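# Summary of structural features
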Amino acid sequence: MSSQTQSERTYFMIKPDGVTRGLIGEIIHRVEQRGLKIIALQMVQPTKAQMDEHYPKDEAWITRIGGKTLSTNEKYHIDTMAQMGTTDPFEIGKRVRGWLIDFMASAPVVKVVVEGPHAIEMIRKLAGNTMPALAEMGTIRGDYSVDSAATANREGRAVQNLVHASETPEEAAHEISHWFAPEDVHPYRRTGE
Ligand code: UDP
Ligand code: MG
């Protein structure tokens, strides 16, 4: 098998809004329909400490999150200084990360490990753009989420966009081992594989 077709694993999570809106089945269906294989699945009520461990803590990641907020504000002509009291992407990122942790621990989530060719990229593609307004139709976020980053920032909360999906092999490895014991991951052959 060439490295290009090699199967990989990714982690994804149906966020509190996906669970409370009754979209578990719809979201899982899209993953299975695509031909990707679910090899671990569980509902859990995360603690804030678990969410804090889940999301990266490094400055680069936090600054990137703050940068997304800044570019949203720029696009919608929102005065970031007036709204947040700072324009420093790291400071803003820390605040958004805090909102995100509160949101993720606000209701049960469904945690999932998925295996398949290019699983990380495929699940990202199924999820769609982080910001609902930019997510294409046909993606989970594009079809079912309507939240606005501008409103979320103003209200001091995370953007509700239904799913989390690992972005890199490093994120996937960290998240899988953070959320699942090895014995709770169940590889198998899908019919036709
Ligand atoms: N987020 C937010 N405001 C922002 C950027 C991100 O509320 O300006 C939240 C949003 O819920 C997002 C999560 O933080 O899903 C993680 O951000 P990331 O940039 O990693 O997006 P994702 O990987 O979820 O597409
Ligand atoms: Mg991310």
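Each chain carries its own residue numbering, running from 1 in the direction its sequence is written. Here chains are named by letter from A upward and ligands by number from 1 upward, in the order in which they appear as written. Residue-level local features of this predicted model are given only where pLDDT is at least 70; pairs of side-chain atoms are given and counted only at 80 or more, and the full residue set underlies all totals for whole chains, interfaces and linings. Side-chain numbers come from the whole structure's heavy atoms, not from hydrogens or water.

The name that an unreviewed UniProt entry assigns to the protein chain is nucleoside-diphosphate kinase, with the source organism given as Candidatus Uhrbacteria bacterium RIFCSPHIGHO2_02_FULL_57_19. UniProt positions are given in the numbering used here, feature names are shortened, and annotations may be inferred rather than shown by experiment. Quoted verbatim from the Sequence similarities (unreviewed entry) field of the UniProt record, the comment on the protein chain reads "Belongs to the NDK family." Entered under Cofactor (unreviewed entry) in the UniProt record, the comment concerning the protein chain runs "Mg(2+)".

## Thoughts on the overall build of the protein chain
Counting its secondary structure elements, the protein chain contains ten helices and four strands. Helices and strands in the protein chain line up, N terminus first, as β-α-α-β-α-α-α-α-β-α-α-α-β-α. All radius of gyration figures rest on C-alpha atoms, and the globule criterion is 2.2 Å times the number of residues raised to 0.38. The C-alpha atoms of the protein chain give a radius of gyration of 17 Å, which matches the 16 Å a tight globule of 193 residues would have. Based on the C-alpha atoms only, the size of the protein chain along its principal axes is roughly 55 × 35 × 35 Å. Residue burial in the protein chain is summarised as follows: out of 193 residues, 47% are buried. Residue contacts are defined here by distance: any two heavy atoms, one from each residue, within 4.5 Å place the two residues in contact. Taking the contacts inside the protein chain whose residues are at least 6 apart along the sequence as the reference set, 78% of them involve residues at least 24 apart. We score Asp and Glu as negative and Lys and Arg as positive, and we do not count His or the chain ends. Every charge is mapped to an atom, namely NZ of Lys, CZ of Arg, CG of Asp or CD of Glu. When the 22 basic and 26 acidic side-chain charges of the protein chain are each reduced to a single mean position, those positions are 3 Å apart. In this description a helix means any DSSP run of H or I spanning at least four residues, a strand means any run of E spanning at least two, and both kinds are numbered starting from the N terminus. Remark: exposure states derive from per-residue accessible area (1.4 Å probe, protein chains only) relative to the maximum for the residue type, with buried under 20%, exposed over 50%, and partly exposed in between.

## Some remarks on the site of ligand 1
For this purpose, a residue is taken to be near a molecule or strand whenever a single non-hydrogen atom of the residue falls within 4 Å of it. If you check the shell around ligand 1, you find 15 residues, and the closest are Lys68, Thr69, Arg124, Thr130 and Val159. A 3.5 Å cut-off defines polar contacts: any pair of N or O atoms within that distance qualifies, except that in protein one atom must be a possible hydrogen donor and the other a possible acceptor, and neighbouring residues in sequence count only when both atoms are side-chain atoms. Taking arginine 141, its side chain carries an N or O atom lying 3.0 Å from an oxygen atom of ligand 1. Between ligand 1 and the protein, one listed contact pairs an oxygen atom with a side-chain N or O atom of glutamate 167 at 2.9 Å. All accessible areas in this document rest on Shrake-Rupley with a 1.4 Å probe, and a residue is counted as covered only by the protein chains that are shown. Across the complex, the protein chains shield 99% of the 500 Å² of accessible surface that ligand 1 would expose by itself. At the level of elements, α4 (59-75) and α6 (89-104) are the ones that each hand at least two residues to the shell around ligand 1. By residue number, the principal contributor to the shell around ligand 1 is α4, which donates four residues. Residue classes follow a fixed rule: Ala, Val, Leu, Ile, Met, Phe, Trp, Tyr, Cys and Pro count as nonpolar, while Asp, Glu, Lys and Arg count as charged, and any other residue, Gly among them, counts as polar. Of the residues assigned to the shell around ligand 1, the class counts are six nonpolar, three polar and six charged.

## Some points on the environment of arginine 95
Its place among the elements puts arginine 95 in helix α6. Judged by relative accessible area, arginine 95 falls into the partly exposed class, the value being 33%. Considered as a pair, arginine 95 and glycine 66 are 29 residues apart in the sequence and their alpha carbons are 8.3 Å apart. In contact with arginine 95, other than residues within four places in its own chain, are Met84 and Thr86.

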